[in-house]
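Residues per chain, in single letters:
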Amino acid sequence: MSNDFLYPVTTQTWSNGRHVVRCVKVIQETWDVRTFCFMADQPVLFFFKPGQFVTLELEIDGQPVMRSYTISSSPSVPYSFSITIKRVPGGKVSNWLHDNLSEGQELAVHGPVGLFNAIDFPADKVLFLSGGVGITPVMSMARWFYDTNANVDMVFVHSARSPKDIIYQRELEHMAARINNFNLHVICEKHGLGESWSGYRGYLNQPMLELMAPDYLEREIFCCGPTPYMAAVKRLLEAKGFDMSRYHEEAFGPVPAEVRQEVKELAELAADAPEVPAAERNQVSFISTGKSIQVGPGETVHAAAAKLGLHIPKACGMGICGTCKVLKTAGDVDMEHNGGITDEDVAEGYILSCCSVPRNDVSIEY
């Protein structure tokens with residue numbers, strides 16, 4: 001570790017952008033889940049909102065790959081941050097990280113960003129609901145409240161496939177044993193031969209929730225897990241008249257099927273549509289490269305760059321990850337993002353190219 005850590009005056013604070021970090025520790029959480037811990041060579045205070053995520057910039061088989069992962073650690077441990085990744089059968093990035101990322105290796109990360117966090121929705125009583133590796137953002141929140149001795153009444157409900165798949169089990173049990181405002185409940189879908197389990201079994205349902213958190217209608221709820229899990233939770237809550245403005249879920253993940261279908265249909269309509277008159281087109285100029293192109297209504301800045309052969313890094317395509325952030329120096333855009341950019345960045349002129357549609361001629365620093 002650098003001696004610079006002895007002199008806090010040299011320490012910088014993390015801000016949304018590209019940062020080079022080094023993997024300093026790899027922890028085997030379960031048989032197929034690992035936590036990767038990162039630090040910067042020069043001291044950086046990794047402040048973020050518990051629940052936010054970063055996007056990793058990788059090169060796999062000679063191809064650039066961007067992938068976003070929730071920060072599982074807490075900003076109460078500020079000189080490092082961690083991500084927890086499950087090995088997914090056939091998963092290009094998760095398998096590569098498990099097989100190749102080791103202590104001492106460097107990589108670039110973008111972030112932190114994300115609307116799903118415990119800071120923007122303060123509450124005295126919270127209910128954390130997680131399924132599988134979806135535990136990571138709510139674990140970050142729980143760690144933050146635990147470490148800061150927050151006066152927050154927490155109920156933590158986690159669903160796992162089997163006892164051997166319970167991520168952070170010992171730490172969760174330790175937290176529950178140490179403070180009286182952290183109530184832990186774990187549900188296992190099944191258990192294998194030789195595995196003992198005396199807790200809840202099956203899937204989260206209404207009777208279970210009534211037992212675990214009888215006052216759940218009064219709590220702020222943070223939910224993360226596989227899409228079917230979150231859909232089932234929402235149906236359960238809506239059926240009981242829960243105020244869904246107090247329900248928050250981690251929306252990051254694969255593009256939903258309905259969105260993919262919508263994009264496909266829009267593309268087919270665009271292919272059959274008549275040519276857009278010149279008066280309705282806007283020019284997008286990329287200053288650094290000296291290239292420009294006219295785009296029609298609804299076309300994004302990212303699409304304009306792609307037509308010119310310019311590669312703006314992109315991961316999610318939905319304004320979530322913040323990877324495609326660029327500086328707009330002139331013109332106006334309509335930007336419909338999902339938390340991938342901060343108000344401060346917008347004030348400085350930055351936009352997310354994947355979800356920004358020009359309203360007039362615009363200039364981009366790229």
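Residues numbered from 1 in each chain as written. Predicted model: local features only at pLDDT ≥ 70, side-chain atom pairs only at ≥ 80, totals over all residues. Heavy atoms only, no water.

- Per an unreviewed UniProt entry, the protein carries the name Ferredoxin-NADP reductase and comes from Pseudomonas straminea.
- Database annotation for the protein, UniProt heading Sequence similarities (unreviewed entry): "In the N-terminal section; belongs to the FAD-binding oxidoreductase type 6 family." (UniProt positions renumbered as here; feature names shortened; annotations may be inferred.)

### Focus: helix 2 (residues 135-147)
Argument step 1. For helix 2, with 13 residues, the first-to-last C-alpha span of 18 Å sits near the 18 Å given by 1.5 Å per residue.
Argument step 2. Most of helix 2 is tucked away: 11 of the 13 residues are buried.
Argument step 3. Residues of helix 2 that are buried include every one of Ile135, Thr136, Pro137, Val138, Met139, Ser140, Met141, Ala142, Arg143, Phe145 and Tyr146, and no others. (Helix = DSSP H or I, 4+ residues; strand = E, 2+ residues; numbered from the N terminus. Expected span 1.5 Å × (residues − 1). Buried < 20%, exposed > 50% of the residue type's maximum accessible area, 1.4 Å probe, protein only.)

### A word on the side chain of His98
Argument step 1. For His98, the location among the structural elements is in helix 1 (residues 92-100).
Argument step 2. Those residues in contact with His98 that lie beyond four places of it in its chain are Asp32, Val33, Arg34, Phe36, Ile85, Lys86 and Arg87. (Contact = heavy atoms within 4.5 Å.)

### Looking at the packing of aromatic side chains
Argument step 1. Per the counting criterion, the structure on display carries 10 aromatic pairs.
Argument step 2. With a centroid separation of 6.0 Å and 70 degrees between ring planes, the pair formed by Phe116 and Phe222 is classed as edge-to-face. Note that Phe116 is positioned in the loop between strand 8 (106-113) and strand 9 (125-131) and Phe222 in strand 13 (residues 220-224), a separation of 106 residues in sequence. Residue Phe116 shares its accessibility class with Phe222, and that shared class is buried.
Argument step 3. Geometrically, the ring pair formed by Phe128 and Phe145 is stacked, given 6.5 Å between the ring centres and 20 degrees between the ring planes. With Phe128 in strand 9 and Phe145 in helix 2, this pair connects stretches of sequence that are 17 residues apart. Comparing Phe128 with Phe145, the two get one shared label, buried.
Argument step 4. Joined through ring pairs, the aromatic side chains of Phe116, Phe128, Phe145, Phe156, Phe182 and Phe222 make up one cluster.
Argument step 5. Here the basic side chain of Arg143 rests over the ring of Tyr168, its NZ or CZ set 4.7 Å away from the ring centre.
Argument step 6. One residue, Lys164, lies across the ring of Trp31, its end atom 4.8 Å from the ring centre. (Phe/Tyr/Trp six-rings, centres within 6.5 Å; stacked < 30°, edge-to-face > 60°. Lys NZ or Arg CZ within 6 Å of the ring centre and 35° of its normal.)

### Description of the sheet that holds strand 17 (residues 325-330)
Argument step 1. Taken together, the 5 strands give an open sheet; going across it, the order is 16-15-21-17-19, and neighbouring strands pair in mixed fashion. At either end of the open sheet lies a strand with only one pairing partner, and these are strand 16 (291-295) and strand 19 (350-352). Taken pair by pair, the neighbouring strands of this sheet meet at an average axis angle of 35 degrees, ignoring direction.
Argument step 2. Bridging between strand 15 (residues 282-286) and strand 21 (residues 362-365) involves 3 bridges; their strand directions are parallel. (Pairing = 2+ DSSP bridges. Axes fitted to C-alpha atoms, helices over the stretch in contact; angles between N-to-C directions.)

### Focus: the sheet that holds strand 7 (residues 81-86)
Argument step 1. If you trace the 6 strands from one edge of the open sheet to the other, you get 6-5-8-2-3-7, paired in antiparallel fashion. The sheet is open, and its two edges are formed by strand 6 (63-70) and strand 7, each paired on a single side. On average, each strand axis in the sheet is tilted by 40 degrees relative to the strand beside it, whichever way the strands run.
Argument step 2. Relative to strand 6, strand 5 (residues 53-60) runs antiparallel, the two being bridged by 8 bridges. Looking at the pairing, Glu57 lines up with Met66 of strand 6.
Argument step 3. Those strands touched by helix 1 are strand 3 (33-39), strand 5, strand 6 and strand 7, and its axis lies near 80 degrees from that of strand 5.

### Regarding the nonpolar core
Argument step 1. In this structure, Phe38, Leu56, Phe81, Ile83 and Leu97 are the most contacted members of the largest nonpolar core, which totals 24 residues.
Argument step 2. For this core, the secondary-structure elements that each account for two or more residues are strand 2 (17-30), strand 3, strand 5, strand 6, strand 7, helix 1 and strand 8.
Argument step 3. Top element by residues in this core is strand 5. It accounts for 4 residues.
Argument step 4. The contacts of Phe38, once residues within four sequence positions are left out, are Val21, Arg22, Cys23, Val24, Phe46, Tyr79, Ser80, Phe81, Ile83, Leu101 and Leu107. (Core = buried A, V, L, I, M, F, W, Y, C linked by side-chain atoms within 4.5 Å.)

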